[in-house]
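Structural overview
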Amino acid sequence: MPGAPSKPPTCRKRRRDANVTTETTQNTGSPLPPGSTIGILGGGQLGQMAALSAAALGYRCHVYSPDANAPAKEIAAAQTTAPYEDEEAARAFADAVDVVTFEFENVPDETLAIIAKGAPVRPGVHALHVSQNRALEKAFLNDNGIGTAPWAAIVTADNLEPAATIGFPAILKTACFGYDGKGQVRVDAMDDLAAAWVEIGEVPAVLEGFIDFEREISVIVARAAGGDTRSYVPVDNVHREHILFTTTAPSTIDNETAEAARAISHRIAAELDLVGLLAVEMFVTRGGDVLVNEIAPRPHNSGHWTMDACAVSQFEQFIRAVVGLPLGDPARHSDAVMTNLIGDEANQWQTFLNEDGACLHLYGKAESRPGRKMGHVNRLSPMVRTEP
Ligand code: AMP
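Keep in mind the model is a prediction, meaning the values are calculated, not measured.

**Notes on the overall build of the protein**
From N to C terminus, the protein includes ten helices and 17 strands. Taking 21 Å as the expected radius of gyration for a compact globule of 388 residues, we find that the protein reaches 20 Å, a close match to that expectation. The principal-axis extent of the C-alpha atoms belonging to the protein is close to 55 × 50 × 40 Å. Within the protein, the proportion of its 388 residues that are buried is 55%. Summing over all exposed atoms, the protein offers an accessible surface of approximately 16,100 Å²; the carbon and sulfur share of this is 50%. Here the protein contributes 32 positively and 49 negatively charged side chains, and the mean placements of these two sets differ by 3 Å.

**What about the confidence of the model for the protein?**
When the pLDDT values of the protein are averaged, the result is 90; 91% of them are 70 or greater. Contacts of residues 1-27 to residues separated by more than four positions or lying in other chains number 76 contacts, the stretch itself having pLDDT below 50.

**Thoughts on the packing of aromatic side chains**
Here the structure, examined in full by the defined rule, presents five aromatic pairs. Judged by centre distance (5.2 Å) and plane angle (80 degrees), the ring pair of Tyr-64 and Phe-93 falls under edge-to-face. Of the two residues, Tyr-64 sits in strand E2 (residues 60-65) while Phe-93 sits in helix H2 (residues 87-96), which places them 29 residues apart along the sequence. Pair check on accessibility: Tyr-64 and Phe-93 agree, each one buried. With centroids separated by 6.2 Å and ring planes inclined at 80 degrees, the aromatic side chains of Tyr-232 and Trp-305 adopt a geometry described as edge-to-face. Of this pair, Tyr-232 sits in the loop between strand E10 (229-231) and strand E11 (235-240) while Trp-305 sits in the loop between strand E14 (290-296) and helix H8 (306-309), and the two are 73 residues apart along the sequence.

**Details of empty space enclosed by the protein**
In the structure shown here, the tally under the stated rule is two cavities of 30 Å³ or more. Lining the largest cavity, in full, are Val-233, Pro-234, Pro-250, Ser-251, Ile-253, Ala-258, Arg-385 and Glu-387. Looking at the lining of the largest cavity residue by residue, the classes come out as five nonpolar, one polar and two charged.

**So, H2**
Listed in full, the buried residues belonging to H2 are Ala-89, Ala-90, Phe-93 and Ala-94. Each buried residue of H2 lies within a common arc of 135 degrees when the element is viewed along its axis, so the set occupies one face. Counted as exposed and oriented over 90 degrees from the buried face of H2: Glu-88 and Asp-95. On its buried side, H2 packs onto strand E1 (37-41), E2, strand E3 (78-81), strand E4 (99-102) and helix H3 (109-118). Measuring from the backbone nitrogen of Glu-88 back to the side-chain oxygen at the start of H2 gives 3.2 Å, which picks out Asp-86 as the cap.

**With respect to the environment of Ala-116**
Turning to its location among the elements, Ala-116 is positioned in helix H3. The class for Ala-116 is buried, based on a relative accessible area of 1%. The sequence separation of Ala-116 and Val-99 amounts to 17 residues, and the corresponding C-alpha distance is 9.5 Å.

**Overview of the site of the ligand**
Taken together, 15 residues lie around the ligand, and Lys-173, Gln-184, Glu-208, Ile-211 and Glu-216 are the ones closest in. Within the side chain of Glu-208, one N or O atom sits 2.8 Å away from a nitrogen atom of the ligand. One of the backbone nitrogen or oxygen atoms of Ile-211 is found 2.8 Å away from a nitrogen atom of the ligand. Across the complex, the protein chains shield 93% of the 480 Å² of accessible surface that the ligand would expose by itself. Broken down by secondary-structure element, the contributors of at least two residues to the shell around the ligand are strand E6 (170-174), strand E8 (205-209), strand E9 (213-223) and E14. A breakdown of the residues in the shell around the ligand according to their chemical character gives five nonpolar, five polar and five charged. Each of domain 2 (150-209) and domain 3 (213-381) accounts for three or more of the residues forming the shell around the ligand.

**Some points on the side chain of Thr-101**
Position of Thr-101 relative to the elements: it lies in strand E4. Classification of Thr-101 as buried rests on a relative accessible area of 0%. In this structure the side chain of Thr-101 is engaged in a polar contact, spanning 2.6 Å, whose partner is the backbone oxygen of Arg-122. If near-sequence neighbours (up to four positions away) are discounted, Thr-101 is found in contact with Ile-38, Gly-39, Ile-40, Leu-41, Arg-122, Pro-123, Phe-318 and Val-322.

**With respect to the sheet that holds E3**
Strand order in the open sheet formed by four strands is E3-E2-E1-E4, with parallel pairing between adjacent strands. Of all the strands in the sheet, just E3 and E4 have a single pairing partner and so form its edges. When strand polarity is set aside, the average angle formed by the axes of neighbouring strands in this sheet is 20 degrees. Alignment of E2 against E3, held across four bridges, turns out to be parallel. Across the sheet, residue Tyr-64 finds its bridge partner in E3, namely Thr-80. Most of the contacts of helix H1 (residues 45-56) go to E1, to which it runs at about 175 degrees, and overall it touches E1 and E2.

**Here's the deal with the packing of H1 against helix H9 (residues 314-323)**
Following both chains from N to C, one finds H1 and H9 inclined at 70 degrees, their axes separated by 8 Å at the closest point. Overall, the two elements H1 and H9 adopt an arrangement that is roughly perpendicular. Facing Leu-46, Met-49, Ala-50, Ser-53 and Ala-54 of H1, the residues of H9 in contact are Phe-315, Glu-316, Phe-318 and Ile-319. A per-class count over the contact of H1 with H9 returns seven nonpolar, one polar and one charged.

What counts, and at which threshold
- Residues numbered from 1 in each chain as written.
- Predicted model: local features only at pLDDT ≥ 70, side-chain atom pairs only at ≥ 80, totals over all residues.
- Heavy atoms only, no water.
- Helix = DSSP H or I, 4+ residues; strand = E, 2+ residues; numbered from the N terminus.
- Rg over C-alpha atoms; globule rule 2.2 N^0.38 Å.
- Buried < 20%, exposed > 50% of the residue type's maximum accessible area, 1.4 Å probe, protein only.
- Areas by Shrake-Rupley, 256 points an atom, 1.4 Å probe, with all protein chains shown as cover.
- Lys, Arg positive; Asp, Glu negative; His and termini not counted.
- Charge placed at Lys NZ, Arg CZ, Asp CG, Glu CD.
- pLDDT = per-residue confidence, 0-100.
- Contact = heavy atoms within 4.5 Å.
- Phe/Tyr/Trp six-rings, centres within 6.5 Å; stacked < 30°, edge-to-face > 60°.
- 1 Å grid on protein atoms, 1.4 Å probe; cavity = no way out; pocket = protein on both sides within 12 Å on 5 of 7 lines; lining within 4 Å.
- Points joined across faces, edges and corners; volume = space filled by probe spheres on them.
- Nonpolar A, V, L, I, M, F, W, Y, C, P; charged D, E, K, R; others polar.
- Arc of directions from axis to C-beta.
- Polar contact = N/O pair within 3.5 Å; in protein donor to acceptor, adjacent residues only side chain to side chain.
- Near = heavy atom within 4 Å.
- Domains from an automatic or database assignment.
- Pairing = 2+ DSSP bridges.
- Axes fitted to C-alpha atoms, helices over the stretch in contact; angles between N-to-C directions.
- Parallel < 35°, antiparallel > 145°, perpendicular 65-115°, else oblique.

Now the structure itself:
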């Protein structure tokens, strides 16, 4: 099995004295009733679409983000604008809500520890930690018998040797704070590694063997407090300049590979004791193996197609899990292709509105920048096949 357990580096921003083991969840008791307040850490489009689903079920959302103009705040019932390091603001936020969840992973440990003392955190702090750090994540996956690209932790310039076992070409990725290909450099030979590490900022990193994959797929899985676990059908993902470009639902992989991908995703959710939603991004190799690239314990861009092709979208499923409602049916009623609208592509919104079968979603971001996700369009078509 690919993947090499190795000592994971820690993130520089993490303080050693952080007490993150005091979380007050996972409570499997009664659901929070409609009218309760869900705290969301992070204010991007994922939080915005989650808050819309929460509102449809009668819940209020309180969005915490340092950005006063965060898209999720446009539709939140309450908001906190403060840095994630502001412990007083974090305490007040936890006191003001009935449950806390997040729409991005990079919340500091200290803040999470404070919040976990005041309100249940879903998914739990453990799931967040594992997914915040690529090395911890890969070690966790390999320890549970789940394949990844071969990898080695890189912590200082003096310990580059373990990288020699990985093989080249390889990709050097920062262990923390990377997204959409940021903090990644291709490395073609051992002699180039030291310079690549300088290029990513001399921070803890992982070196990953390059996988000549046949395709990239993902599975969105939800897990309820009582352990009920449901996943959406595996989908095919195509990236453009490291950013997700299209998601096609369902994937055209064979049934056996689809079953394997779903089983891996369910196992990760169970091992993390996750209550909420988990996205699992995977490579399918030319030999048919399924390797996990990355996990995210929250709604995910590759699940946006569910908004229009399923009776219960990933955002509604996420809210259901977080407040303790029964999970909904993840079956789809249509096939779908989701296309991200990046930067100026969103300017063509009128074209999409005039297109039959196209469902437009714009995030209301004031400023369009190259590489910035401004919206997406889901194109629906009748289901071609049903899965076993
Ligand atoms: P990530 O930020 O790790 O999700 O990487 C972004 C994209 O880079 C992935 O979706 C792949 O298209 C590509 N990529 C990342 N890691 C590898 C790898 N080990 N081998 C081949 N391609 C990769």
